[in-house]
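Take a look at the letters that make up each chain.
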Amino acid sequence: MLPLLTGARWPASAYAREQLPERVLQFGSGMLLRALCAATVDSANRAGKQAGRIVVVQSAEGAPRARALNAQDGLYTLVERGLSGGAPLERIGLIGAISRALAADDQWNVVRDVATRPEMQVIVSNVSEAGFRIDAPFPGRLTDALHARFARAPDSPPMFVIPTELVPDNGPRLAAMVHQLAGRYDQPRAFRDWLKTRVRFCSSLVDRITTVPPPDQHAALEATLGYRDALLTVTEPYALWAIEADPAELRAVFTIESATVVFARDIGFYRERKLRLLNAVHTAAAPLALLAGVRTVRDATAHPRLGPFLKRLLFEEIIPATDLSADQARAFAHQVLERFANPWLEHEWRIIATNQEDKFRIRVVPLIVRRSAPGLALAAAAHLTFTRAPFESLGEAARIPEFAAATTRWIDVLARDGVEVALTHD
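Residues numbered from 1 in each chain as written. Predicted model: local features only at pLDDT ≥ 70, side-chain atom pairs only at ≥ 80, totals over all residues. Heavy atoms only, no water.

Asker: Mind showing me how you'd approach unusual backbone geometry here?
Answerer: Negative phi characterises most residues that are not glycine, and trans characterises most peptide bonds. You will see that Gln-187, though not glycine, has its phi angle at about 55°, which is positive. Mapped onto the secondary structure, Gln-187 falls in the loop between α5 (170-181) and α6 (188-198). (Helix = DSSP H or I, 4+ residues; strand = E, 2+ residues; numbered from the N terminus.)

Asker: Before we go on, may I ask you to explain empty space enclosed by the protein in this structure?
Answerer: Summary: where empty space remains is shown by rolling a probe the size of a single water molecule over the atoms. Summed over the entire model, instances satisfying the criterion amount to one cavity of 30 Å³ or more. Reported here for the largest cavity is a volume of approximately 40 Å³. Among the secondary structure elements, those contributing two or more residues to the lining of the largest cavity are α10 (297-302) and α12 (326-340). (1 Å grid on protein atoms, 1.4 Å probe; cavity = no way out; pocket = protein on both sides within 12 Å on 5 of 7 lines; lining within 4 Å. Points joined across faces, edges and corners; volume = space filled by probe spheres on them.)

Asker: Quick question: what am I supposed to make of the sheet that holds strand β12 (residues 240-244) here?
Answerer: Each strand in a sheet pairs with another by means of backbone hydrogen bonds, the pair being arranged parallel or else antiparallel. With mixed pairing, the three strands of this open sheet are ordered in space as β9-β12-β13. The open sheet has two edge strands, β9 (204-207) and β13 (261-264), and neither has a second partner. Between one strand axis and the next, the sheet turns by 10° as a mean value, whatever way the strands run. Relative to β12, β9 runs antiparallel, the two being bridged by four bridges. Within β12, the position partnered with Val-206 by the bridge is Trp-241. Where helix α1 (residues 31-46) meets the sheet, its contacts fall on β9, β12 and β13, and the angle it forms with β12 comes to roughly 70°. (Pairing = 2+ DSSP bridges. Axes fitted to C-alpha atoms, helices over the stretch in contact; angles between N-to-C directions. Contact = heavy atoms within 4.5 Å.)

Asker: What's the story with the packing of aromatic side chains in this structure? I'm lost.
Answerer: Centre distance and the angle of the planes are the two values used to describe a pair of aromatic rings. In the structure shown here, the tally under the stated rule is ten aromatic pairs. Each member of the aromatic cluster is reached from another via a ring pair, and the members are Phe-150, Tyr-185, Phe-191 and Trp-194. Across the ring face of Trp-10, the terminal group of Arg-17 is positioned such that the distance to the ring centre comes to 5.5 Å. Against the face of Tyr-76 rests Arg-34, its NZ or CZ located 5.9 Å from the ring centre. (Phe/Tyr/Trp six-rings, centres within 6.5 Å; stacked < 30°, edge-to-face > 60°. Lys NZ or Arg CZ within 6 Å of the ring centre and 35° of its normal.)

Asker: Quick question: what am I supposed to make of the sheet that holds strand β8 (residues 199-201) here?
Answerer: Spatial strand order, β5-β2-β1-β6-β7-β8: six strands in an open sheet with parallel pairing. Of all strands in the sheet, those bounded by a partner on one side alone are β5 (98-103) and β8. Adjacent strand axes in the sheet meet at a mean angle of 20° when their direction is disregarded. On top of the sheet, helix α2 (residues 64-71) reaches β2 (53-58) and β5; it is set at about 145° to β5, its chief contact.

Remember, this is a structural readout, not a statement about activity or role.
In structure tokens, the structure reads:
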């Protein structure tokens, strides 16, 4: 039995964890935040920027990851594996940016206390698209934490709230939810005025593919490391976190800027590039892959039919339907295909297809409206076949006569001959 990872394994030469203040309150403890947010704070600390430490809040019932983080003294292992220019690349390291984890259901008073500290100036969230709505727990909890700061420390320095959920304009949308929920409290007008002057809601975009390693891979990594790690995180080498804010203002508070972290007044370019050239490809191809019995994105890139389809869809149909510079878009698209072919990531289509209807409407339909094309029609047919959604769910795209006719024909082909035949004739 291997020993559990604990703080005793932290290399003192990295940085003095215990001497850094807690500066970030993080709602969510999932793989993406561990692979990107905590990893970038850790990297900044190692570079001597003193970005501080993170207090994690987990909302899930029982908070198992919070317990695991605390048992491991906030440490976990980050494994970066992938291809770079076609060559294998692997980096393994300990992440020490998390100080502790709290369970929202049982320790909410502690969360309130943390939120009121003057040195706590950044709140990060990733609660999934499903949790990013006003009737879900997170917006109410965030509002309550901010209200505690308003009530107990109204003159504290500004707070930067940085949602990372993959929804358009996540900053303003979260701000609108918080301002609406502020009406539940006494002195709602004063609270809302304070929110406007003391809280900055910053849209952000995250791009890093993370997957749960299969049990045998997890065990093999632990055997190599020499310890057990319940939060071992496997990700790709590529990473990007773009945050929309006044760069100078945010830079003074959150010292994490680097080659992979961008502060900008407008992150529209980064959002459009990822939304269309990565997310839309995932969402368009997921039903086709699942109907064809293909399990992972990597398997799809090597498939004799799906592989060429992905390339055609990306270069011949999606890129022309965007306003992105052709050269920049093609360079990013080549990088995307290399990321898709990563031999170490088990990126399953069934996970990608979660909330498929909403994703298709947001990511793919705008492309169809701009440029109806045969590959997108086949993708739409597979989407409707897989989700059993009505044709009208395609919104504006359903009202384009040529596209509607092509999609209907593909639905018939899929029902009669299957995906393999449809891809042959695409």
